[in-house]
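Close look at the chain arrangement
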Amino acid sequence: MRNIVFLVVGTFFGIVMFKSEAASWFRIYEMFQFKSFHMYGIIGSALVLGVLLIQLIKRKRLKDMSGNPIMIPPKDRSFSRYMFGGILFGLGWALAGACPGPMFVLAGAGFYPILIVIGGAIAGTWVYGLIKNKLPH
Amino acid sequence: MDWILEPWPWYVAGPLITLTMALLLFLGKNFGMSSNLRTLCTMCGAGSTCDFFCFDWRSQKWNLLIMVGAVLGGFIAFNFLSVNQVPQLNDEVITQLHSLGFDSAGKTYVPTELFGDGAFTSVKTIAILIIGGFLVGFGARYAGGCTSGHAISGLSNLQLPSLIAVVGFFVGGLIMVHLLFPLIF
């Protein structure tokens, strides 16, 4: 039952990504050219509501359906890993025009060359794991 | 019901993304798509190459289901909820893209030059797609998250690391589009 719920949430997310064009290479390019409000509107409105949601969860100490307190785990303190990692991610995001969610959405939509991007992303993750200890964190 | 077949405006999509995050939080999980890439490495046997991939991938089954759902969602949206959806880009952007060689700008959902059937036979296109994907995978894990984990989840929780990461995303994206695109395309 739980499994079906996750599958449905993922399907819903995939439909939103496709229909909003957040999965379109063109929209990512346009965003980095600052020529349209569209992507900023999507991320901005998601964020404003997200901040309100998290504040509500914290103030009311809301619990998840298993009865555990809801929390987003704090991230390690660092500057370099977030900045360097973020820049590398941004370079790839703009080049491939897809981040890790929309990649899979595009595969489902039948744009099969995205499978090459997914293969590259898996390889990139693996290489990170291999050389992780040599990088500044 | 016709509106469902039209492109969805930002003020519909944004709140629905927050809803996705809210559903996951109430299910006791956190929103983060790039973790699946790590899980896929582990499932391919990367655990024998380094500790980073040594964990029980079954604990991430829920997120893999989200990923499979995203594939399904793409299939449903493309085949049943769209009639040849083409992003209505800014005219200047279309002109710019045409001059970079993207003749499909304003005519298709994603550029035919990169995602059409010809992609598999062009060494340059394959290289672009592999390198783009590689940077996304490497960068997301190095930064500890991607657009969903940092830009949506982390920033919603007002976490400083996520703000640094999102600034990084933009620095990288701007360098690629403004400085490197003229050299690549």
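Residues numbered from 1 in each chain as written. Chains lettered and ligands numbered in written order. Predicted model: local features only at pLDDT ≥ 70, side-chain atom pairs only at ≥ 80, totals over all residues.

Brief notes about the overall build of chain B
When its secondary structure is counted, chain B shows 9 helices and 0 strands. Its helices and strands in sequence order give chain B the pattern α-α-α-α-α-α-α-α-α, from N to C terminus. Projected onto its principal axes, the C-alpha coordinates of chain B cover approximately 45 × 45 × 35 Å. Out of the 185 residues belonging to chain B, those deemed buried represent 50%. Residue pairs in contact within chain B that sit at least 24 positions apart in sequence constitute 43% of those at least 6 positions apart. (Helix = DSSP H or I, 4+ residues; strand = E, 2+ residues; numbered from the N terminus. Buried ≥ 20, exposed ≤ 12 C-beta atoms within 10 Å, placed from the backbone. Contact = placed C-beta atoms within 7 Å.)

Looking at the overall build of chain A
The helix and strand inventory of chain A stands at 6 helices and 0 strands. Taken from the N to the C terminus, the helices and strands of chain A come in the order α-α-α-α-α-α. A principal-axis box enclosing the C-alpha atoms of chain A has dimensions of 45 × 40 × 35 Å. By residue count, 58% of the 137 residues in chain A fall in the buried class. Looking at chain A alone, contacts between residues at least 24 apart form 44% of all its contacts between residues at least 6 apart.

Thoughts on the UniProt feature "transmembrane region" (unreviewed entry) in chain B
Residues and elements named next belong to chain B. As annotated in UniProt, the feature "transmembrane region" (unreviewed entry) corresponds to residues 12-28, 62-81, 125-143 and 163-184 in the numbering used here. Along residues 12-28, the helical share is 88% and the strand share 0%, with 25 Å between the first and last C-alpha atoms. End-to-end, the C-alpha atoms of residues 163-184 are 29 Å apart, and along that stretch the chain is 100% helix and 0% strand. (UniProt positions renumbered as here; feature names shortened; annotations may be inferred.)

Points about the interface of chain B and chain A
Taken residue by residue, the interface counts 107 residues in chain B and 99 residues in chain A. Secondary-structure elements contributing two or more residues to the side of chain B that touches chain A are α2 (10-26), α3 (35-43), α4 (61-80), α5 (91-100), α6 (112-115), α7 (123-143), α8 (147-156) and α9 (160-184) of chain B. Sorting elements by how many residues they give to the side of chain B that touches chain A places α7(B) first, with 17 residues.

Digging into the packing of helix α5 (residues 100-109) of chain A against helix α6 (residues 114-131) of chain A
All names here are of chain A. Interhelical geometry of α5 versus α6 gives an angle of 145° and a closest axis separation of 9 Å. As α5 packs across α6, the resulting crossing turns out to be left-handed. Across the interface between the two elements, Pro100, Met103, Leu106 and Ala107 from α5 touch Ile114, Leu115, Val117, Ile118 and Ala121 from α6. For the contact of α5 with α6, a count of residues per class yields 9 nonpolar, no polar and no charged. (Axes fitted to C-alpha atoms, helices over the stretch in contact; angles between N-to-C directions. Left-handed = near helix turned anticlockwise from the far one by under 90°. Nonpolar A, V, L, I, M, F, W, Y, C, P; charged D, E, K, R; others polar.)

So, α6(A)
Under the 1.5 Å per step criterion, the end-to-end length of α6(A) is 26 Å for 18 residues, consistent within 8% with the ideal 26 Å. Taken residue by residue, α6(A) has A:Ile114, A:Ile116, A:Val117, A:Ile118, A:Gly120, A:Ala121, A:Ile122, A:Gly124, A:Thr125, A:Trp126, A:Tyr128 and A:Gly129 as its buried positions. Where α6(A) is buried, its residues touch α4 (80-96) and α5 of chain A together with α3, α6 and α7 of chain B. (Expected span 1.5 Å × (residues − 1).)

Quick word on the packing of α6(A) against α3(B)
Between α6(A) and α3(B), the least distance of the axes is 9 Å, while the angle of their chain directions is 80°. The angle between the axes of α6(A) and α3(B) places the two elements in the roughly perpendicular class. Contacts from A:Ala121, A:Ile122, A:Thr125, A:Trp126 and A:Gly129 in α6(A) reach B:Leu37, B:Arg38, B:Leu40 and B:Cys41 in α3(B). Grouping the amino acids of the contact of α6(A) with α3(B) by side-chain chemistry returns 6 nonpolar, 2 polar and 1 charged. (Parallel < 35°, antiparallel > 145°, perpendicular 65-115°, else oblique.)

A few points about the environment of B:Gly144
Secondary-structure assignment places B:Gly144 in the loop between α7 and α8. A residue is classified by how many C-beta atoms lie within 10 Å of it, and B:Gly144, with 23 of them, is buried. For the pair B:Gly144 and B:Ser162, spaced 18 residues apart in the sequence, the C-alpha separation amounts to 9.0 Å. B:Gly144 has contacts with A:Lys75, A:Arg81 and A:Gly85, leaving out every residue within four places of it along the chain.

Re α7(B)
Taking 1.5 Å per residue, 21 residues should reach 30 Å; α7(B) reaches 30 Å between its end C-alpha atoms and fits that length. Looking at the residues trailing α7(B), positive phi occurs at B:Gly144, about 75°.

Considering unusual backbone geometry
Among all residues save glycine, negative phi is the norm, and among peptide bonds the norm is trans. Residues and elements named next belong to chain A. We note that phenylalanine 34 has phi near 55°; this positive angle belongs to a residue other than glycine. Assignment of secondary structure puts phenylalanine 34 in the loop between α2 (25-32) and α3 (38-59). Phenylalanine 34 gets classed as exposed once you count the C-beta atoms within 10 Å, which come to 10. Even without glycine at this site, arginine 61 takes up a positive phi of about 50°. Turning to its location among the elements, arginine 61 is positioned in the loop between α3 and α4. For arginine 61, a count of 8 C-beta atoms within 10 Å gives the class exposed.

Considerations on the UniProt feature "transmembrane region" (unreviewed entry) in chain A
All names here are of chain A. Following the UniProt record, one finds the feature "transmembrane region" (unreviewed entry) at residues 38-57, 78-98 and 110-131. Secondary structure content for residues 38-57 is 100% helix and 0% strand, while the C-alpha to C-alpha distance between its ends is 28 Å. Within residues 110-131, the helical portion is 82% and the strand portion 0%, while the C-alpha atoms at the span's ends are 34 Å from each other.

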